[in-house]
Amino acid sequence: EPVSPTKLEANSLSAAVAHYLRLGRLQEPLVAEYFDKHPDPSFGETVADAFRREYQRLRALRYPSDDVFTALQAFASGSSRGDASHEAAVLAVLSYLFERCDIFEPAPEADDESPAEIGSEAT
């Protein structure tokens, strides 16, 4: 499925970031499967909470939207850039969180909906 254009717009993300998110969508099912099968059922929500806190910190510092995405990419990547497989996994996690969580600003039509629970396929 394509990246939500209304959510991209609500977050003022550029076409370059949209392209990264589209690439991440290709591996998103693997992220969902990982969270669904993780022995700790709250692990997905723990990960989402860490990203939520980092997102809020970056927004409080008034980072521009694309810079927020880039900083979250670095946050997901760890202390150093990885090989192509590592970078694809980072984009898959960011895409998963972008589509399913309240880490980024919601699309206007989703304002009255609660964010989906991580690790739940009922999204």
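Residues numbered from 1 in each chain as written. Predicted model: local features only at pLDDT ≥ 70, side-chain atom pairs only at ≥ 80, totals over all residues. Heavy atoms only, no water.

Here we come to the packing of aromatic side chains. As enumerated under the stated definition, the model contains eight aromatic pairs in all. Seen from their ring centres, Phe35 and Tyr96 are 5.5 Å apart, and the 50° between their planes marks the pair as tilted. A residue pair is termed long-range when its members are at least 10 positions apart, and Phe35 in helix α3 (residues 28-37) and Tyr96 in helix α6 (residues 84-100) qualify at 61 residues. Members of the aromatic cluster, connected to one another through ring pairs, are Tyr34, Phe35, Phe43 and Tyr96. Between Lys7 and the ring centre of Phe98, over which it is positioned, the NZ or CZ distance is 4.9 Å. (Phe/Tyr/Trp six-rings, centres within 6.5 Å; stacked < 30°, edge-to-face > 60°. Helix = DSSP H or I, 4+ residues; strand = E, 2+ residues; numbered from the N terminus. Lys NZ or Arg CZ within 6 Å of the ring centre and 35° of its normal.)

This next bit is on the nonpolar core. Of all hydrophobic cores here, the largest spans 28 residues; its most connected members are Leu21, Phe69, Leu72 and Ile103. Among the secondary structure elements, those contributing two or more residues to this core are α2 (15-25), α3, α4 (43-60), α5 (65-77) and α6. Broken down by element, the residue count for this core peaks at seven residues, all from α6. Here Leu72 is in contact with Phe51, Glu54, Tyr55, Leu58, Leu94 and Phe104, once residues within four sequence places are set aside. (Core = buried A, V, L, I, M, F, W, Y, C linked by side-chain atoms within 4.5 Å. Buried < 20%, exposed > 50% of the residue type's maximum accessible area, 1.4 Å probe, protein only. Contact = heavy atoms within 4.5 Å.)

Honestly, that's just the spatial picture; any functional story needs more than this.
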